[in-house]
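Residue strings, one per chain:
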Amino acid sequence: MFQDIIEFTREHFNIPIYFISLLISLANYRKFFDTVLKYLPALIAYTFFNELLGYFIRYSDKFAFFEDITFANDLIYNIYDLFYYGFFFWVFWKLVNSIKLKNAIKTIAILALCLYIISSFFQNPLVMTLYYATTFSSFALAISTMLYWANHWRDWKWNIEKHNLMFWISFGLFAFHLTFSILYLRGTLNPEIWYKYNFQMILRLSIVIMYTLFCIGFIVSKRRAFR
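All of these numbers come straight from a predicted model, not from anything done at the bench. Along every chain, residues carry numbers that run from 1 in the direction the sequence is written. It should be noted that, the model being predicted, local features are given only for residues of pLDDT at least 70 and side-chain atom pairs only at 80 or more, the latter also being counted only at that level, while totals for whole chains, interfaces and linings use all residues. Side-chain numbers come from the whole structure's heavy atoms, not from hydrogens or water.

**Remarks on a nonpolar patch on the surface**
And then number 1: A patch is a set of surface residues, each over 30% in relative accessible area and not in a salt bridge, joined within 9 Å for like charges and within 5 Å for the nonpolar side chains Val, Leu, Ile, Met, Phe, Trp and Tyr. In short, Shrake-Rupley with a 1.4 Å probe defines the accessible areas, and a residue's cover is counted only from the protein chains shown. In the sections that follow, a salt bridge refers to a side-chain nitrogen of Lys or Arg positioned within 4 Å of a carboxyl oxygen of Asp or Glu. A contiguous nonpolar surface patch, about 900 Å² in accessible area, is contributed by I79, L82, F83, L113, I117, I118, F121 and F122.
And then number 2: Looking at the nonpolar patch, the elements with two or more residues in it are α4 (75–95) and α5 (99–122).
And then number 3: Under the scheme used here, helices are H or I runs from DSSP no shorter than 4 residues and strands are E runs no shorter than 2 residues, and both carry numbers assigned from the N terminus. It is α5 that contributes the most residues to the nonpolar patch, 5 residues altogether.

Here it is as structure tokens:
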């Protein structure tokens, strides 16, 4: 049993970081409980349990939703994407004060939702990932972080930003989703490249980096610096 846990952690080393991040976020919750990030710990918990369920569905017939598990029953990931991307689009929309930037974020969020709906007519969302929509949403989220930065660049000061939780969250999101949006679609459409260059390992490392930045932000942030 213990050996199985060690093997699981070694191969899926990105999953424990979700749980660690959840604990650290809850320990520092008083710093952001009254901000737009107040639901972030719930999203992290959702991510953790969703990844665990995804693992069991992929590697155990007992947890499969359908008999045909060709696409590892990616329904749970399609549902998760709607909550995940929807949450962060909403966060950035709330935090920017420029009407122009708000409209830009709202537009790309609506485009992302429309692409999920359109993709559902050409791909079965019950048994396969809507990878075109996911790729677009990921890239759009990276763009949203840049719009958030553009909203604050005139008064950006490191002495303040290093204590701003959103700085660490946005930096982590940008680093991961820029990488993900480039590798995910290419690897999905060309599995040979995915396995040859071990894209899965690269993305798992990117997840660890993103959540490590989140954790740094939870620890060093101060409520008065949040914006």
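**Focus on the nonpolar core**
And then number 1: Nonpolar cores are built from buried Ala, Val, Leu, Ile, Met, Phe, Trp, Tyr and Cys residues. Side-chain atoms within 4.5 Å join them into one set. Residue exposure (1.4 Å probe, protein chains only): buried if accessible area is under 20% of the type maximum, exposed if over 50%, otherwise partly exposed. Ranked by size, the top nonpolar core spans 54 residues in total, and within it L37, L40, Y84, F88, M166, I169 and L173 carry the most contacts.
And then number 2: Where this core is concerned, the elements lending two or more residues are α2 (14–27), α3 (40–59), α4, α5, α6 (131–152), α8 (165–189), α9 (191–196) and α10 (199–220).
And then number 3: Considering every element that reaches this core, the biggest residue donor is α4, with 9 residues.

**Quick look at the layout of surface pockets**
And then number 1: The way it works is a 1 Å grid over only the protein atoms, where trapped points that fit a 1.4 Å probe form a cavity and open points with protein on both sides within 12 Å along at least five of seven lines form a pocket, and then any residue with an atom within 4 Å of a point lines it. Grid points are joined across faces, edges and corners, and a volume is the space filled by probe spheres set on the points. Considered as a void within the structure, the second largest pocket measures approximately 220 Å³ in volume.
And then number 2: What lines the second largest pocket is a set of 14 residues, among which Y85, G86, F89, A109 and L113 lie closest to the centre.
And then number 3: Of all the secondary structure elements, the ones that give two or more residues to the lining of the second largest pocket are α4 and α5.
And then number 4: The leading source of residues in the lining of the second largest pocket is α4, at 7 residues.
And then number 5: Classifying every residue of the lining of the second largest pocket gives 10 nonpolar, 2 polar and 2 charged. Under the scheme applied, nonpolar residues are Ala, Val, Leu, Ile, Met, Phe, Trp, Tyr, Cys and Pro; charged residues are Asp, Glu, Lys and Arg; polar residues are all the others, including Gly.

**Quick word on α2**
And then number 1: What a helix should span is 1.5 Å times the count of its residues minus one. Taking 1.5 Å per residue as the helical rise, α2 with its 14 residues ought to reach 20 Å, and the 21 Å between its terminal C-alpha atoms agrees with that figure.
And then number 2: Every buried residue belonging to α2 is among N14, I15, I17, Y18, S21, L22 and S25, and all of these are buried. Looking straight down α2, one finds its buried side chains confined to an arc of 150°; they lie on one side. Think of the arc as the fan of directions from the helix axis to the C-beta atoms.

**Some thoughts on the packing of α5 against α6**
And then number 1: Orientation of α5 relative to α6, taken along the N-to-C sense of each, is 175°, at an axis distance of 9 Å. By the angle between their directions, the pair α5 and α6 is classed as roughly antiparallel. Contacts from L101, A104, I105, I108, L111, A112, L115, Y116 and S119 in α5 reach Y132, A133, T134, F136, S137, A140, S144, L147, A150 and N151 in α6.
And then number 2: A class-by-class count of the residues in the contact of α5 with α6 yields 14 nonpolar, 5 polar and no charged. Axes, fitted as lines to C-alpha atoms, cover a helix only where it is in contact. Angles between the N-to-C directions of the axes lie from 0 to 180 degrees. Our angle categories are set so that under 35 degrees counts as roughly parallel, over 145 as roughly antiparallel, 65 to 115 as roughly perpendicular, and the remainder as oblique. Residues count as neighbours in contact if any of their non-hydrogen atoms are within 4.5 Å of one another.

**Focus on the pattern of salt bridges**
And then number 1: The tally for this structure, following the rule as stated, stands at 3 salt bridges.
And then number 2: The partner of D34 in a salt bridge is R223, with the nearest N and O atoms 2.8 Å apart. Of the two residues, D34 sits in the loop between α2 and α3 while R223 sits in the segment after α10, which places them 189 residues apart along the sequence.
And then number 3: Classification of D34 by relative accessible area gives partly exposed; the value is 44%.
And then number 4: The partner of R227 in a salt bridge is D155, with the nearest N and O atoms 2.9 Å apart. A residue pair is termed long-range when its members are at least 10 positions apart, and R227 in the segment after α10 and D155 in the loop between α6 and α7 (158–161) qualify at 72 residues.

**Comments concerning the packing of aromatic side chains**
And then number 1: Between the rings of Phe, Tyr and Trp (Trp by its six-membered ring), a pair exists once the centres lie within 6.5 Å; its type follows the angle of the planes, with under 30 degrees stacked, over 60 edge-to-face, and the other angles tilted. For the structure on display, the rule yields 26 aromatic pairs.
And then number 2: Arranged with centres 5.2 Å apart and planes meeting at 80°, the rings of Y29 and F32 form a pair that is edge-to-face.
And then number 3: A connected cluster of aromatic rings, assembled from ring pairs, spans Y46, Y80, F83, Y84, Y85, F87, F88 and W90.

**As for the packing of α2 against α10**
And then number 1: Between α2 and α10, whose axes approach to 9 Å, the crossing angle comes to 10°. Regarding the angle of α2 to α10, the classification is roughly parallel. Of the residues in α10, those in contact with N14, I17, Y18, S21, I24 and S25 of α2 are R204, I207, V208, Y211, T212, C215, F218 and I219.
And then number 2: Here the contact of α2 with α10 is composed, by residue class, of 9 nonpolar, 4 polar and 1 charged.

**A short note on the environment of T188**
And then number 1: Looking at the element boundaries, T188 is found in helix α8.
And then number 2: A residue is classified by how much of its surface remains accessible, and T188, at 30% relative accessible area, is partly exposed.
And then number 3: For the pair T188 and F199, spaced 11 residues apart in the sequence, the C-alpha separation amounts to 9.9 Å.
And then number 4: In this structure T188 touches Y131 and W194, once residues within four positions along its chain are discounted.
And then number 5: Within the structure, T188 has its side chain in polar contact with the backbone oxygen of Y184 (distance 2.7 Å). The term polar contact refers here to a pair of N or O atoms within 3.5 Å; inside protein, the definition further demands a hydrogen-donor-capable atom paired with an acceptor-capable atom, and it admits residues adjacent in sequence only when both atoms are side-chain atoms.

As far as function goes, none of this settles anything; it's purely spatial.
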